[in-house]
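Working through the structure, step by step
One-letter residues, chain by chain:
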Amino acid sequence: MAKFRPLYDRVLVRRLDAEQKSSGGLFIPETAKEKPQQAEVIAVGTGRVTKNNETVPLVVKEGDKVLFGKYAGDEVKLDGVDHIILKESDILAVIA
């Protein structure tokens, strides 16, 4: 992937693959799948800048698995792969 570094409190993520089968064992067709809200953090910015011009480092780091809001972020394509740029505040949780 080309060099890419989000600015400030932005995070670059790549969606994790959606489940292929329902909990009952039925295969879900591509057209009926919802986009997954789980992603892997690919790159992080330098941190959030406060009113006092201090930089607060981000909580998430590269490699973390995260859960984010359904309509959060902006979709971008890098080297033919879909990614999302989110603000750290759009991330709801880190998945352990």
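Look above for the structure.
Source: prediction; values computed, not measured.

Procedures and definitions
- Think of each chain on its own: its residues are numbered from 1, step by step along the sequence as written.
- Only residues with pLDDT of at least 70 get local features here, since the model is predicted, and only at 80 or more are side-chain atom pairs given and counted; chain-wide, interface and lining totals rely on the full set of residues.
- Note that water and hydrogens are dropped before the side-chain values are worked out from all heavy atoms of the structure.
- Patch membership requires over 30% relative accessible area and the absence of a salt bridge. Like charges are linked within 9 Å, and nonpolar side chains (Val, Leu, Ile, Met, Phe, Trp, Tyr) within 5 Å.
- Using the Shrake-Rupley algorithm and a 1.4 Å probe, accessible areas are obtained, with residue cover drawn only from the displayed protein chains.
- When a carboxyl oxygen of Asp or Glu lies within 4 Å of a side-chain nitrogen of Lys or Arg, that pair is called a salt bridge.
- Only DSSP runs of H or I reaching four residues or more are called helices, and only runs of E reaching two or more are called strands; each is numbered from the N terminus.
- Working definition: with a 1.4 Å probe on protein chains only, accessible area under 20% of the residue-type maximum means buried, over 50% means exposed, and in between means partly exposed.
- Two strands qualify as a pair provided that DSSP identifies no fewer than 2 bridges between them.
- All axes here are fitted lines through C-alpha atoms, helices being fitted over the stretch that makes contact, and every angle between N-to-C directions spans 0 to 180 degrees.

Below, the discussion takes up a nonpolar patch on the surface. Among the surface-exposed residues, Leu7, Tyr8 and Val49 lie close enough to one another that they form a single nonpolar patch of about 300 Å² accessible area. Examined against the element boundaries, leucine 7 turns out to sit in the segment before strand S1 (10-15).

Attention shifts here to the pattern of salt bridges. Inspection of the entire model under this criterion finds 6 salt bridges. Salt-bridge contacts for arginine 14 lead to glutamate 40; the nearest nitrogen and oxygen are separated by 3.4 Å. Here arginine 14, found in strand S1, pairs with glutamate 40, found in strand S2 (residues 38-44); they are 26 residues apart in sequence, far enough to count as distant. What makes arginine 14 partly exposed here is its relative accessible area of 33%. Notably, a salt bridge pairs glutamate 75 with arginine 15, separated by 3.5 Å at the nearest N-O pair. You can see glutamate 75 sitting in strand S6 (residues 74-78) and its partner arginine 15 sitting in strand S1, a full 60 residues away along the chain. Judged by relative accessible area, glutamate 75 falls into the exposed class, the value being 51%. In the salt-bridge network here, residues are joined through shared partners; they are Arg14, Glu40 and Lys65.

Before going further, it helps to examine the sheet that holds strand S8 (residues 91-95). Taken in spatial order, the 6 strands of this open sheet run S6-S7-S1-S2-S5-S8, and their pairing is antiparallel. Across the chains shown, the open sheet's two edge strands, defined by having one partner strand only, are S6 and S8. Here the average twist between neighbouring strands, direction ignored, is 45°. As judged from the 5 bridges shared by S1 and S2, these two strands associate in the antiparallel manner. What sits directly across from valine 13, in S2, is valine 41.

Nothing here speaks to function; it is geometry throughout.
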